[in-house]
Each structure stands twice: as C-alpha cells, then as structure tokens.
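Chains, contacts and geometry: an overview
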Amino acid sequence: AQSVTQLDSQVPVFEEAPVELRCNYSSSVSVYLFWYVQYPNQGLQLLLKYLSGSTLVKGINGFEAEFNKSQTSFHLRKPSVHISDTAEYFCAVDPMNTGFQKLVFGTGTRLLVSP
Amino acid sequence: EADIYQTPRYLVIGTGKKITLECSQTMGHDKMYWYQQDPGMELHLIHYSYGVNSTEKGDLSSESTVSRIRTEHFPLTLESARPSHTSQYLCASRQAGTGNTGELFFGEGSRLTVL
C-alpha cells in the first residue's frame, strides 16, 4: 500500500518570498506523483505531475517540483509567491501500471500568503 | 477549465432526511469518483464508477449509495442523513484508455451539514 506524508499542515509566508511545501511518500513499487491545489470554496485542480523523464517538473502558476527517488520525496517550490497563491495544496501518489486506479492523497498543506 | 458540476454547493438538513448530491460532467469521461473531505484529513475515496451501470465502493466505508445510469451523471444518495455524515463531498472524473494521463478533474464540492 502507498502512503503520503505532508508534515506541514500550515505554512505562513510573506508575499514575494520563496516557499517549499514538503511531500514524502512510502511505496513498495514505483509511483506517479501529483500536486493538486484547492482554492477557497473550490474543488481541486492539478498543479503538476511526474510520470517519467526529467525529475524536475514545472507546473502552472510558476510552481515546480522535484522528484527524489532515493529520499522518496516530491517537494513543491515557488521562488516568489503571490497573495493569490493562498490555498490548500495536496500531494498524491499512484502506483505505476495500475492505470491510475489507486490514487492516494496526503492530508494537505495550507499555504497562507500575507502582504 | 473543467466541466464538472456539483449541486447543491451547500446543504443544511435535519437528521433522518434523504438527500441526493448531484454530479454531472460534459467531458465524456468514463471514470467518475466521489471523495469525502474533512479538515486536516486526506481525501477519502468512497465510490467510483468506470462506466454506465458500473459502481464500486471505495477505500472508506460509507453509508451512501451511487448510481450511473448515464455517462455524464453520477449522483450520490444518503437515505437517512446523520450528523456523522457532515462533510464536504467532492466529485471527480478522468478519461479512460490512452487518453488517461492520470489527471482528475474535480467539481467545486458539496458541503453537507446534518443537524
């Protein structure tokens, strides 16, 4: 079985500062990795995903994430955040070769951007 | 922009009432899902469907039921609501087959409060 750990339940940051949201996972097989964002009173939206190839993945809104297989991590980063980035961010994993049938989400990290 | 819609967005009802949460998508996706979301918790899969007349229970036990009579429609029903059913319910869909890149498209959610 797979599991996802997002250790930081909340990350406060000032506008224009860099941010990193941490995600670690546990799996006995290779996995696909995803980051989703949930803005207030909305559903989740895909930010970026790692399926194969380059371990540095770029997503929407200036976010990027790096897959580190040895550390089983997929941390999300942005060099300069905006107020509009205030949202809940969910990391998720899905074991390969299951046709994306076993997606498992973390508990989420709330990013709070203040002026 | 995702074309998946949930109604109602917010619902407050008394114990013992029957409720149906509606979910419709216009993307022609075969695969549809219902997740339950509580604050500080991971999203839990409660039901899924891989096509018309196909429904399965997810990882989290739920007293709700679902139906899939049409591709675009995946309603969730609670025959007798209880306070323990208070939660946010998220509907999602994705493509099947070669078009499946793992991305889930989410509705905006239905927040249910049972008094």
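As a starting point, this report considers the structure included with it. (Residues numbered from 1 in each chain as written. Chains lettered and ligands numbered in written order. Predicted model: local features only at pLDDT ≥ 70, side-chain atom pairs only at ≥ 80, totals over all residues. Heavy atoms only, no water.)

Structural notes on the state of the cysteines
Each disulfide is one covalent bond, formed between the sulfur atoms of two cysteines. As enumerated under the stated definition, the model contains 2 disulfides over all chains in all. A:Cys23 shares a disulfide with A:Cys91; S-S distance 2.0 Å. What sets the handedness of the A:Cys23 and A:Cys91 disulfide is the S-S torsion sign, and at about -65° it is left-handed. With a gap of 68 residues between them, A:Cys23 in the loop between strand 3 (19-21) and strand 4 (24-26) and A:Cys91 in strand 10 (residues 87-95) connect regions that are remote in the sequence. Residue A:Cys23 shares its accessibility class with A:Cys91, and that shared class is buried. There is a disulfide in this structure between B:Cys23 and B:Cys91, and the S-S distance comes to 1.9 Å. Note on the B:Cys23 and B:Cys91 pair: the S-S dihedral is about -75°, so by sign convention the disulfide is left-handed. Of this pair, B:Cys23 sits in strand 3 (residues 19-25) while B:Cys91 sits in strand 9 (residues 87-94), placing them 68 residues apart in sequence. Overall, the relative accessible area of 0% leaves B:Cys23 in the buried class. (Disulfide = S-S within 2.5 Å. Helix = DSSP H or I, 4+ residues; strand = E, 2+ residues; numbered from the N terminus. Buried < 20%, exposed > 50% of the residue type's maximum accessible area, 1.4 Å probe, protein only.)

Here we look at the environment of A:Ala65
All names here are of chain A. Take Ala65: it is sitting in strand 8 (residues 64-68). When the C-alpha positions of Ala65 and Gln6 are compared, they lie 14 Å apart, and in sequence the two are 59 residues distant. Excluding residues that lie within four positions of it along the chain, Ala65 makes contacts with Trp35, Leu48, Thr55, Leu56, Val57, Phe74, His75 and Leu76. (Contact = heavy atoms within 4.5 Å.)

A look at the packing of aromatic side chains
One pass over the full model with this rule turns up 11 aromatic pairs over all chains. Note on B:Tyr48 and B:Tyr50: the rings are 5.1 Å apart at their centroids and 45° apart in plane angle, and the pair reads as tilted. On the basis of relative accessibility, which here comes to 31%, the residue B:Tyr50 falls in the partly exposed class. Here the aromatic residues A:Phe34, A:Tyr36, A:Phe105, B:Tyr33, B:Tyr35 and B:Phe106 are joined through ring pairs into a cluster of three or more. (Phe/Tyr/Trp six-rings, centres within 6.5 Å; stacked < 30°, edge-to-face > 60°.)

All we've got here are geometric facts, nothing functional implied.
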